[in-house]
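The lines below spell out each chain.
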Amino acid sequence: MVAHLPKDHPPAANELVSAEDPAREPLIFFPARDMPGFVAEIRPIFHGMPFPRVRTRVVHQETALGFVAAGVAFTLLPEAVTSCVPSSVRVARIDSCSTTVMYVAEPRTLTPAARLFRRALFGATAAVSASSSASSA
């Protein structure tokens, strides 16, 4: 997870922020009823501190980024989303947020294309894990 901040908010000037920095800003969050797994990944980032004030809840990352681009609040989204971030949004890593979780649901029988996609997906995550391990050693 990374913080997506309006470009003119003070924490946006840094590539790495502590969880306390964006927590002072209002948050675009997600409904726990509709997205329990995603919310469960975000809540621990603010462990031991007051949770940010939620400005509104949305279910689409594009909507969250639109609010951020308009300067309404910040949001937390997976780092993979950064490729489609508007220029009025800055992305900052959160120093206390270092884990990546991937959930994959699949049917009992995979088509050949789905098998290839699954192999590529897990191969890419293995490569990222190996790269992260090598760079931290």
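Anything mentioned here points back to the structure above.
1. Some points on the side chain of Thr-75
Part 1 of the reasoning: Its location among the elements puts Thr-75 in strand S5 (residues 74-77).
Part 2 of the reasoning: Contact partners of Thr-75, with chain neighbours within four places excluded, come to Val-2, Ala-3, His-4, Leu-27, Ile-28, Phe-30, Ala-64 and Val-68.

2. Some words on helix H3 (residues 61-69)
Part 1 of the reasoning: Within H3, burial applies to Ala-64, Leu-65 and Val-68. One side of H3 carries all its buried residues, which in axial view fall inside an arc of 95°.
Part 2 of the reasoning: Within two residues after H3, Gly-71 carries a phi angle of roughly 85°, on the positive side.

3. Concerning the environment of Arg-55
Part 1 of the reasoning: With respect to the element layout, Arg-55 can be found in strand S4 (residues 54-57).
Part 2 of the reasoning: Taking the C-alpha atoms as reference, Arg-55 lies 5.8 Å from Ile-28; in sequence the two are 27 residues apart.
Part 3 of the reasoning: Look past the residues within four positions of Arg-55 in its chain and what remains in contact with it is Pro-26, Leu-27, Ile-28, Val-72 and Ala-73.
Part 4 of the reasoning: Within the local environment of Arg-55, its side chain forms a polar contact with the backbone oxygen of Val-72, the two atoms lying 3.3 Å apart.

4. Thoughts on the nonpolar core
For soluble globular proteins, the rule of thumb is that nonpolar side chains tend to be buried together.
Part 1 of the reasoning: Core analysis: the largest hydrophobic core is formed by 28 residues, its most contacted members being Phe-30, Ile-42, Ile-45, Phe-46, Leu-76 and Ile-94.
Part 2 of the reasoning: Going through the elements one at a time, strand S1 (2-6), strand S3 (27-29), helix H2 (36-42), H3, S5 and strand S6 (89-94) are the ones with two or more residues in this core.

5. A few points about the pattern of salt bridges
Part 1 of the reasoning: Inspection of every chain in the model, using the stated rule, returns 3 salt bridges.
Part 2 of the reasoning: Here Glu-79 and Arg-93 are joined by a salt bridge, their closest N and O atoms 2.5 Å apart. Remark: Arg-93 occurs in strand S6 and Glu-79 occurs in the loop between S5 and S6; sequence separation between them is 14 residues.
Part 3 of the reasoning: When its relative accessible area of 46% is taken as the criterion, Arg-93 is described as partly exposed.

6. What about the pairing of S6?
Part 1 of the reasoning: Inspection of the sheet shows S1 paired to S6 by 5 bridges, in the antiparallel sense. Bridging across to S6, Pro-6 finds its partner in Val-89.
Part 2 of the reasoning: With 2 bridges connecting them, strand S2 (residues 16-17) and S6 associate as parallel partners. Bridge pairing in S6 places Val-17 opposite Ile-94.

7. Quick notes on the packing of aromatic side chains
Part 1 of the reasoning: On inspection of all chains with the given rule, the structure shows 4 aromatic pairs.
Part 2 of the reasoning: A ring pair is formed by Phe-29 and Phe-30, whose centres lie 6.2 Å apart and whose planes are at 55°; its orientation type is tilted.
Part 3 of the reasoning: Lying over the aromatic face of Phe-51, Arg-43 brings its terminal NZ or CZ to 4.6 Å of the ring centre.

Conventions used here
- Residues numbered from 1 in each chain as written.
- Predicted model: local features only at pLDDT ≥ 70, side-chain atom pairs only at ≥ 80, totals over all residues.
- Heavy atoms only, no water.
- Helix = DSSP H or I, 4+ residues; strand = E, 2+ residues; numbered from the N terminus.
- Contact = heavy atoms within 4.5 Å.
- Buried < 20%, exposed > 50% of the residue type's maximum accessible area, 1.4 Å probe, protein only.
- Arc of directions from axis to C-beta.
- Polar contact = N/O pair within 3.5 Å; in protein donor to acceptor, adjacent residues only side chain to side chain.
- Core = buried A, V, L, I, M, F, W, Y, C linked by side-chain atoms within 4.5 Å.
- Salt bridge = Lys/Arg side-chain N within 4 Å of Asp/Glu carboxyl O.
- Pairing = 2+ DSSP bridges.
- Phe/Tyr/Trp six-rings, centres within 6.5 Å; stacked < 30°, edge-to-face > 60°.
- Lys NZ or Arg CZ within 6 Å of the ring centre and 35° of its normal.

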